[in-house]
Every structure is written in C-alpha cells, then in structure tokens.
Amino acid sequence: MRRERTDAARNRAKILAAAEVIVAAQGVSGLSMADVAAAAGVGVGTLYRRFGDRSGLAYALIDRREREFQSAFIEGPPPLGPGAEPAARARAFLDALAERTVEQLDLLLMAETAGPFARFGGAYDAYHAHLAMLIAQLRPDVDAACLADALLAPLAAPLLAYRMRECGVGIERVKSALGDLLDGLIP
C-alpha cells in the first residue's frame, strides 16, 4: 500500500476536522464542499480530488468509527468479539450495529443513498460475512448468506431513519425485533 504524503495527511486531518465541526453545528444538510474547504483552509478542488463528492466526504467521516466497530467484532472482547457462543455474538453484533448506525445515521443516510448500490461493498460486506459465519455456525442447514441480508436489512440507514423519524419506532424496539428473528434461528 502506498504511504500518504505528510502534507496530504495533514490536509486530510484538517478537512475531516472542519467537516466534523460543520456537521456538529449544522447537521449533515449543512455540509457543503465549499464551506468545508474554506474552514480547512484548502481549495475546493483539493476536496473534490480527495473525496469525490459529499458522499465520499461522508464516508471519510464515518471511517474512524467504522474501523473501531470492525475491530471490536473481529478482535475485541466477547460477546461482540471472539470467545462467545455464535448466538450471543450475533445478538451483540446486531445490537452494536444498531447503536453504531443511530450514532451516525445522517452521515450513513447520505452515504448509503449516493447511488443504487452505495450501501453495499466495504463495511456491508464485512458485516455480511461476519453475520453469515455466525449463522452458519448456529444452523449449517440454512442459507446463511440470505439470512444475513435479512437481519441486516432493518439497519439500512434509509429504512432505519424512516422507522425512527416518521413512524416513531425506537432503536430498542428494532433491536428487540432483530433479537426475535435471531431467536428463530437458534436450534
């Protein structure tokens, strides 16, 4: 992997810090490339070359928290990390993913709706592989890949935002329903 230049790393840090301040003060809707560039003291072209567009910037803002989350379920302590039974790990994973999604819901909403398949790949693939592995350990007789998709679907940012904001469904209710689905898989 090519190492990032020192000045590029410094600019990236300034850009992300400026974007975080703007999102904290104005929400995701206030995130404009021009405002971020001005606040970071870089040219707008630098922003577009580095991040492509607002959704690319949103993914960069999401990235740090995403890396922490993935580290927790790959190598962290049980029950989220290795060492717990598959059912306990799957439940801990779904609960943590629900909380993690709510934490950055507006950024995820922007990033996941940037294109028809924007949600898929990257983090989704990691979640899917992890959950499918746990399901296969629980029930080797089922289609673990399709069931993993079914368990991840309610945590898609657009659906979760709609349920929470338009229907008044709290995250605890979503987590409980996911737990009920998971209970149906446990032999």
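Here, the structure is the one placed above.
All values derive from a computational prediction rather than experimental measurement.

Focus on the nonpolar core
One recurring pattern in soluble globular proteins is that nonpolar side chains are buried together.
Reasoning step 1: Residues Leu31, Leu57, Phe93 and Leu131 are the most contacted members of the largest nonpolar core, which totals 56 residues.
Reasoning step 2: Beyond its immediate chain neighbours, meaning those up to four positions away, Leu131 contacts Ala90, Phe93, Leu94, Ala148, Leu151 and Leu152.

Focus: the pattern of salt bridges
Reasoning step 1: What the rule picks out here adds up to 10 salt bridges.
Reasoning step 2: Arg165 serves as the salt-bridge partner of Asp106, at 2.7 Å between the closest nitrogen and oxygen. With Asp106 in helix α6 (residues 105-112) and Arg165 in helix α9 (residues 157-166), the pair connects residues that are 59 residues apart, well separated along the chain.
Reasoning step 3: Several salt bridges share partner residues, and in doing so they unite Glu99, Glu172 and Lys175 into one network.

Some thoughts on the side chain of Gln104
Reasoning step 1: By the element assignment, Gln104 lies in the loop between α5 (86-103) and α6.
Reasoning step 2: A polar side-chain atom of Gln104 sits 2.9 Å from a polar atom in the side chain of Arg100.
Reasoning step 3: When near neighbours in sequence (up to four residues on either side) are disregarded, Gln104 contacts Leu61, Ile62 and Arg65.

Quick look at the environment of Ala84
Reasoning step 1: Residue placement: Ala84 occurs in the loop between α4 (54-75) and α5.
Reasoning step 2: According to the relative accessible area criterion, Ala84 is partly exposed, its value standing at 23%.
Reasoning step 3: Beyond its immediate chain neighbours, meaning those up to four positions away, Ala84 contacts Pro78, Pro79 and Arg89.

Concerning the packing of aromatic side chains
Reasoning step 1: The full count for this structure, using the stated rule, is seven aromatic pairs.
Reasoning step 2: Between Phe69 and Tyr127, the aromatic rings sit 5.7 Å apart at their centres with planes inclined by 75°, giving edge-to-face as the arrangement. Residue Phe69 is located in helix α4, and its partner Tyr127 is located in helix α7 (residues 122-138); the two are separated by 58 residues in the primary sequence. Tyr127 matches Phe69 in its accessibility class, with the two residues each being buried.
Reasoning step 3: Here the aromatic residues Phe69, Phe73, Phe93 and Tyr127 are joined through ring pairs into a cluster of three or more.

Here's the deal with the environment of Leu159
Reasoning step 1: Tracing the chain through its elements places Leu159 in helix α9.
Reasoning step 2: The residues touching Leu159, leaving out its near neighbours within four places in the chain, are Ala153 and Pro154.

Quick word on α5
Given 3.6 residues to a turn, an α-helix orients residues that are three or four positions apart in the same direction.
Reasoning step 1: Its 18 residues place the ends of α5 25 Å apart at the C-alpha level, agreeing with the 26 Å of an ideal helix rising 1.5 Å per residue.
Reasoning step 2: Among all positions in α5, only Pro86, Ala87, Arg89, Ala90, Ala92, Phe93, Leu94, Leu97, Ala98, Arg100 and Thr101 are buried.
Reasoning step 3: Lining the buried residues of α5 we find α4, α6, α7, α8 (144-152), α9 and α10 (171-183).

A word on α7
Reasoning step 1: With 17 residues, α7 extends 25 Å from end C-alpha to end C-alpha; this agrees with the ideal 24 Å at 1.5 Å per step.
Reasoning step 2: Turning to α7, its buried residues are Tyr124, Tyr127, His128, His130, Leu131, Ala132, Leu134, Ile135 and Leu138.

What to know about the environment of Glu66
Reasoning step 1: Mapped onto the elements, Glu66 comes out in helix α4.
Reasoning step 2: Of the residues examined, Glu66 reaches a relative accessible area of 8% and is grouped as buried.
Reasoning step 3: Taking C-alpha positions, Glu66 is 11 Å from Ala126, a pair spaced 60 residues apart along the chain.
Reasoning step 4: Residues in contact with Glu66, not counting those within four places in the same chain, are Arg100, Ala123 and Tyr127.

Cut-off values and rules
Residues numbered from 1 in each chain as written. Predicted model: local features only at pLDDT ≥ 70, side-chain atom pairs only at ≥ 80, totals over all residues. Heavy atoms only, no water. Core = buried A, V, L, I, M, F, W, Y, C linked by side-chain atoms within 4.5 Å. Buried < 20%, exposed > 50% of the residue type's maximum accessible area, 1.4 Å probe, protein only. Contact = heavy atoms within 4.5 Å. Salt bridge = Lys/Arg side-chain N within 4 Å of Asp/Glu carboxyl O. Helix = DSSP H or I, 4+ residues; strand = E, 2+ residues; numbered from the N terminus. Polar contact = N/O pair within 3.5 Å; in protein donor to acceptor, adjacent residues only side chain to side chain. Phe/Tyr/Trp six-rings, centres within 6.5 Å; stacked < 30°, edge-to-face > 60°. Expected span 1.5 Å × (residues − 1).

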